[in-house]
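Here is how the chains run, residue by residue.
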Amino acid sequence: MKVLVAVKRVVDFNVKVRVKPDGTGVDIANAKMSMNPFDEIAVEEAVRMKEKGVATEVVAVSCGVAQCQETLRTAMAIGADRAILVETAEELQPLAVAKILKALVDKEHPQLLILGKQAIDDDCNQTGQMLAALAKLPQATFASRIEIAGDSANVTREVDGGLETIRIRLPGLITTDLRLNEPRYVTLPNIMKAKKKPLETVKPADLGVDIAPRLRTLKVAEPPQRSAGVKVPDVATLVQKLKHEAKVI
């Protein structure tokens, strides 16, 4: 079974981002970049499937600038067999990424696609669902447990009321949640091995995909500053403040 995993290069989750002075976006100049945490979980799950003998090949895919090669090398250091970079300097919105991945699905014919449920930079949570629709594949989102059983997958997913277990036929698509697994630490020997693994670079035009943006960002602003907390002498004062100042009761 071939597994295709999509990974995205984002600002590291430990970095406190700043909005550009003109409000057109977030300033990522000199910011530390890393793999989207949900995508890292997706790669880990695919590699574990290969280690169990369920998967035969893990292919990592990324879309974006040339520096995304670093993210793909990290995926291969975790255990992916090879990587594909769809290189472009254009802004890629979820629909464009889904179209690119659809073209790669048609080319690679994977039996399973695993994506992170969302990216921590835009929090769109759209690409997996759009890809499933375009490729006409069954999908299971927010997976916290995956069991492959023959030509189907049993997926336990997190919903508002608790946990829900569904079965999807393969080929299919799964998006990962935080509690699915704990990604392994990437060791230096595996980083060195990843440098020798094949990494293919293509352009969106080579895949016949239109990546023109459909959305336009009007303004980006930082959240308002939180006011300082206050101490109250007793419960009665607390209730009064909650009722009249905070207006939550």
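Before going into details, it helps to say that this report is about the structure given with it. Sequence positions are assigned chain by chain, starting from 1 and proceeding in written order. In keeping with the model being predicted, local features are shown solely for residues with a pLDDT of at least 70 and side-chain atom pairs are shown and tallied solely at 80 or more, while totals for entire chains, interfaces and linings include all residues. Heavy atoms from the whole structure form the basis of all side-chain values; hydrogens and water molecules are not counted.

Thoughts on the sheet that holds strand β12 (residues 172-176)
Cut-off, in case you're wondering: Here, strands pair whenever DSSP counts at least two bridges between them. Here a helix means four or more residues in a row that DSSP labels H or I, a strand means two or more in a row labelled E, and each is numbered from the N terminus. Axis lines are fitted through C-alpha atoms, for helices just across the contact stretch, and the angle between N-to-C directions can take any value from 0 to 180 degrees.
The 9 strands are arranged β11-β10-β9-β12-β8-β1-β6-β7-β13 in an open sheet whose pairing can be described as mixed. Both edges of this open sheet fall to β11 (162-169) and β13 (199-202), since each of them pairs with a single strand only. Between one strand and the next, the sheet's axes are offset by a mean angle of 30°, whatever the strand orientation. Across 6 bridges, the pairing between strand β9 (residues 139-149) and strand β10 (residues 152-159) is antiparallel.

Concerning helix α1 (residues 37-51)
To keep it simple, the criterion reads: By this rule the span expected of a helix is its residue count minus one, scaled by 1.5 Å.
With 15 residues, α1 should cover 21 Å at 1.5 Å per step; its first-to-last C-alpha distance of 21 Å lies within 8% of that length. After α1 finishes, the residue Gly53 shows a positive phi value of roughly 85°.

Comments concerning the pattern of salt bridges
Let me state the cut-off plainly: Throughout this description, the term salt bridge denotes a Lys or Arg side-chain nitrogen within 4 Å of a carboxyl oxygen of Asp or Glu. Per-residue accessibility, obtained with a 1.4 Å probe over protein chains only, is compared with the maximum for each type, and a residue is labelled buried under 20%, exposed over 50%, and partly exposed between these values.
Taken as a whole and judged by the stated rule, the model has 19 salt bridges. The shortest N-O distance in the salt bridge between Asp210 and Arg214 comes to 3.6 Å. Accessibility expressed as a relative area gives 44% for Asp210, which makes it partly exposed. One connected set of salt bridges, linked through shared partners, spans Lys2, Glu57, Arg82 and Glu108.

Notes on the environment of Val97
Let me state the cut-off plainly: It only takes one pair of heavy atoms within 4.5 Å for two residues to be counted as in contact.
Tracing the backbone through its elements, the reader meets Val97 in helix α3 (residues 94-108). Along the primary structure Val97 and Pro110 are separated by 13 residues, whereas in three dimensions their C-alpha atoms are 17 Å apart. Among all residues touching Val97, those that are not within four sequence positions of it are Cys63, Leu92 and Thr127.

A short note on the pairing of strand β8 (residues 112-116)
The buried count for β8 comes to 5 of 5 residues, which makes it a mostly enclosed element. Every second residue of β8 is oriented toward a common face, with Leu112, Ile114 and Gly116 on one face and Leu113 and Leu115 on the other, all of them buried. By the bridge criterion, 5 bridges tie β8 to β12 in an arrangement that is parallel. The residue of β12 that forms the bridge with Ile114 is Ile174.

With respect to empty space enclosed by the protein
Operational definition: Note on definitions: the grid is 1 Å and covers protein atoms alone; a cavity is a set of points where a 1.4 Å probe fits but cannot get out; a pocket is an open set with protein on both sides within 12 Å along at least five of seven lines; lining residues have an atom within 4 Å of a point. Grid points are joined across faces, edges and corners, and a volume is the space filled by probe spheres set on the points. Put simply, Ala, Val, Leu, Ile, Met, Phe, Trp, Tyr, Cys and Pro go in the nonpolar bin, Asp, Glu, Lys and Arg in the charged bin, and everything else, Gly too, in the polar bin.
With the rule as written, the count across this model stands at 1 cavity of 30 Å³ or more. Computed from the structure, the largest cavity encloses a volume of approximately 40 Å³. If you go around the largest cavity, the residues you meet are Gln93, Leu95, Ala96, Lys99, Asp210, Ile211, Ala212, Pro213 and Arg214. Broken down by class, the residue content of the lining of the largest cavity amounts to 5 nonpolar, 1 polar and 3 charged.

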